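# Descriptive analysis of the structure
Residues per chain are reported as follows:
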Amino acid sequence: MPGLLPAGEPVPTDGSLPASARARVGERGFGVYVHVPFCASRCGYCDFNTYTADELGGGASREGYADTVLAELALAARVLGDTPPRQVETVFVGGGTPTLLPADELARILDAIDSTWGLAGDVEVTTEANPESVSPASLKQLRAAGYTRISLGMQSAAPGVLAVLDRRHRAGRATDAAREARDAGFDHVNLDLIYGTPGERAEDFAASLDQVVAAGVDHVSAYALIVEDGTRLAARMRRGELPYPDDDVAADRYLAAEAALDAAGFSWYEVSNWARTPAARCRHNLLYWTGGDWWGLGPGAHSHVGGVRWWNVKHPTAYARRLTAGESPALAREVLTADETRMEDVMLRLRLATGLPLDVLDDAGRTAADRAVADGLLAAPAHAAGRAVLTLRGRLLADAVVRDLLP
């Protein structure tokens, strides 16, 4: 969850939503996101809304955090009132490092979501984790509590790359944790990679891919390093201590990821995500990418219900203070227009392997799609069938393709 929040209009103190939004909740599915903002240390590249114990000082702490989240859940139940979602299809606990909370606290949050709205029989329940924050025992507790999927931050198998990123885990710990999660009975296990870090060699990334495949996971996410303002990594680059990422190197790494993962039986389903089977795809993220609804619990968390999007205050202390006062923790919101919804639909769905129908585009967009086919950026067979689907080259230039297709 990025550190910067957009501007928007004020939110009623009781968090109430327009009747039109409540009437539409769950039309494209409903999920719950839970943000846990605590980290043992801050990685040099991270600008997410997270806090170490030193950064929090005497303010909010992990103790009692679950109770604060449950207070927002109770407010959410009041806001949706007699038009609740049919059932919760996905739950995603992110951070930060959610597994810094005791497993029984994460279980309590999940139980409360179930009591409030009901979990679907085939619900997907994901937690993120840093490799050093889990053990075989805690993983078994989480699985017994109903967590079905875990996403582990590996980033790289190269010790030097981990050092540049300020990652605390030793090389090899992430794949060990992935095997422990499989042994604990998790249905799906994901490993996250970052490529293009200064100093990373082609053989370093190849070794990372080899270790991911050998770990037996069924999902891989791979993202190019993005240097965010305000981070330690950005400061080091400004001082000339490290070079900035190279776009050509990033493209080479992406092609290497596609080749290695495809050879190992993975298929891409979103530009930065590969899965062994359709069942292994992250359904919660697909909910985001296909315009579904979700309620985001926690400081800085974003929500989207029936065309209304809002975001909570960032700091855990301010978040808790508002809920203690019986007020919504939402900082601001925006009611999306039909044009804004359509534009976001194009931006997100074009990144999916399923693409989007050409009739979503206006005349200029369809003309741009014709050019993109001629340039090898969109697949010709899919285009002939009425869909815009990125080719491998198109994935490398996905942002540019999106810009061309939009007004």
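Rules and cut-offs
- Throughout this description, residue numbers start from 1 for each chain and increase along the sequence as written.
- pLDDT decides what is reported in this predicted model: residues at 70 or higher carry local features, side-chain atom pairs at 80 or more are listed and counted, and totals for whole chains, interfaces and linings draw on all residues regardless.
- Where side-chain values are given, they derive from all heavy atoms of the structure, hydrogens and water being excluded.
- UniProt positions are given in the numbering used here, feature names are shortened, and annotations may be inferred rather than shown by experiment.
- An automatic or database domain assignment is the source of the domain bounds shown.
- Residue contacts are counted whenever heavy atoms from the two residues lie within 4.5 Å of one another.
- Once two parts are brought into contact, the accessible area they lose, counted with a 1.4 Å probe and summed over both, makes up the buried area.
- For this document, the term salt bridge refers to a Lys or Arg side-chain nitrogen within 4 Å of an Asp or Glu carboxyl oxygen.
- Any N or O atom pair separated by 3.5 Å or less is treated as a polar contact, with the protein-specific requirement of one donor-capable and one acceptor-capable atom, and with residues adjacent in sequence counted only for side-chain atom pairs.
- Secondary structure elements follow DSSP: runs of H or I no shorter than four residues count as helices, runs of E no shorter than two count as strands, and numbering proceeds from the N terminus.
- Three residue categories are used. Nonpolar comprises Ala, Val, Leu, Ile, Met, Phe, Trp, Tyr, Cys and Pro, charged comprises Asp, Glu, Lys and Arg, and polar comprises the others, including Gly.
- Burial status follows relative accessibility: with a 1.4 Å probe on protein chains alone, a residue under 20% of its type maximum counts as buried, one over 50% as exposed, and anything between as partly exposed.

As annotated in an unreviewed UniProt entry, the protein carries the name Heme chaperone HemW and is attributed to Micromonospora endophytica. UniProt annotates the protein under Subcellular location (unreviewed entry) with the comment "Cytoplasm". Annotation of the protein in UniProt includes, under Sequence similarities (unreviewed entry), the sentence "Belongs to the anaerobic coproporphyrinogen-III oxidase family. HemW subfamily."

### So, the domain arrangement of the protein
Each assigned domain of the protein is listed here: domain 1 (9-290) and domain 2 (338-406). Averaged C-alpha coordinates put domain 1 and domain 2 at centres separated by 27 Å. Taken residue by residue, the interface counts 15 residues in domain 1 and eleven residues in domain 2. Summing the contributions of domain 1 and of domain 2, the shared interface buries around 1200 Å²; its carbon and sulfur component is 66%. A per-residue breakdown of the area domain 1 buries against domain 2 is headed by W268, V271 and W289, which together make up 45% of the total. Viewed at the interface, domain 2 and domain 1 are joined by three salt bridges. A salt bridge links R351 to E270; the nearest nitrogen and oxygen atoms lie 2.8 Å apart. Our count for the contact surface shared by domain 1 and domain 2 stands at five residue pairs in polar contact (both at pLDDT 80 or more). Residue assignment for the side of domain 1 that touches domain 2 shows that the elements contributing at least two residues are α10 (247-263), β7 (267-270) and α11 (283-289). With four residues, the single largest contributor to the side of domain 1 that touches domain 2 is α10. Looking at the side of domain 1 that touches domain 2 residue by residue, the class counts come to ten nonpolar, two polar and three charged.

### Examining the pattern of salt bridges
Following the criterion strictly, the structure yields 22 salt bridges and no others. Note that E9 is salt-bridged to R333, the shortest N-O span being 3.3 Å. In this pair, E9 is assigned in the segment before α1 (19-24) and R333 in strand β12 (residues 330-335), connecting sequence segments 324 residues apart. Owing to a relative accessible area of 35%, E9 belongs among the partly exposed residues under this scheme. Taking relative accessible area as the criterion, R333 reaches 11% and is therefore assigned buried. A salt bridge links D176 to R170, with the nearest nitrogen and oxygen atoms 2.9 Å apart. The class for D176 is partly exposed, based on a relative accessible area of 27%. Here the residues in one salt-bridge network are R28, D345 and R349, joined through shared partners.

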